[in-house]
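Report on the structure
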Amino acid sequence: MALFCQRCGTGLPPGARFCSSCGEVVSAAPFISGSPLFRPIVGRKIAGVCIGLAQTYGWDVSLVRILAVIGFFFSGGLVAVAYLACWVGIPEETMPLP
Ligand SMILES: [Zn+2]
């Protein structure tokens, strides 16, 4: 599928996240663009779900954690289930070999 910058119309390679011509953020859907969503090993508190989501979407990791904790208690288990789903569904970051 061809990808084009919405600002300047430059053709971009599949999976591009930024326009090589003007720097515009090309895709608002990291899943579709193939952005690597993973659970980092460094900086995690439990399973790395919060920090993984925060890094992928550019969110503040502290805010994500606060919302997750609040959600645990007030969502009737919905967030807990979502967290477990992410834990299982998001691949663990693979450390580069030395
Ligand atoms: Zn552009």
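This report concerns the structure included in the present document.

What counts and what doesn't
- Residues numbered from 1 in each chain as written.
- Predicted model: local features only at pLDDT ≥ 70, side-chain atom pairs only at ≥ 80, totals over all residues.
- Heavy atoms only, no water.
- Donors = N, O, S within 2.8 Å, 3.2 Å for Na, K, Ca; no water.
- Tetrahedral: all angles 85-135°; square planar, octahedral: opposite > 155°, others 65-115°.
- Buried < 20%, exposed > 50% of the residue type's maximum accessible area, 1.4 Å probe, protein only.
- Salt bridge = Lys/Arg side-chain N within 4 Å of Asp/Glu carboxyl O.
- Helix = DSSP H or I, 4+ residues; strand = E, 2+ residues; numbered from the N terminus.
- Phe/Tyr/Trp six-rings, centres within 6.5 Å; stacked < 30°, edge-to-face > 60°.

So, the coordination of the zinc ion
Donor atoms from the polypeptide that coordinate the zinc ion comprise Cys 5 (SG), Cys 8 (SG), Cys 19 (SG) and Cys 22 (SG), at 2.2 to 2.3 Å from the metal. Around the zinc ion, the four donor atoms are arranged such that angles at the metal cover 106 to 121°; this shape is classified as tetrahedral. On the primary sequence, the residues serving as donors to the zinc ion are separated as C-x2-C-x10-C-x2-C. Of the residues examined, Cys 8 reaches a relative accessible area of 38% and is grouped as partly exposed.

Remarks on the pattern of salt bridges
If you walk through the whole model with that rule in mind, you get two salt bridges. With its nearest N and O atoms 2.8 Å apart, the salt bridge here joins Arg 7 to Glu 24. Taken as a pair, Arg 7 in the loop between strand E1 (3-4) and strand E2 (11-12) and Glu 24 in the loop between E2 and helix H1 (30-33) lie far apart in primary sequence, 17 residues in all. Glu 24 gets classed as partly exposed once you look at its relative accessible area, which sits at 26%. Arg 44 is paired through a salt bridge with Glu 92; the nearest N and O atoms lie 3.1 Å apart. Taken together, the residues span a long stretch of sequence, with Arg 44 in the loop between H1 and helix H2 (49-57) and Glu 92 in the segment after helix H4 (78-89) at a distance of 48 residues. The partly exposed category is assigned to Arg 44, whose relative accessible area is 24%. The class of Glu 92 is partly exposed, set by a relative accessible area of 41%.

Points about the packing of aromatic side chains
Tallied over the entire structure, the rule returns three aromatic pairs. For the ring pair Tyr 57 and Trp 59, a centre distance of 4.9 Å and an interplane angle of 25° mean the geometry is stacked. Residue Tyr 57 is classed as partly exposed on the basis of its relative accessible area of 28%. The class of Trp 59 is partly exposed, set by a relative accessible area of 49%. A ring pair is formed by Phe 72 and Tyr 83, whose centres lie 5.7 Å apart and whose planes are at 80°; its orientation type is edge-to-face. Of this pair, Phe 72 sits in helix H3 (residues 61-74) while Tyr 83 sits in helix H4, and the two are eleven residues apart along the sequence.

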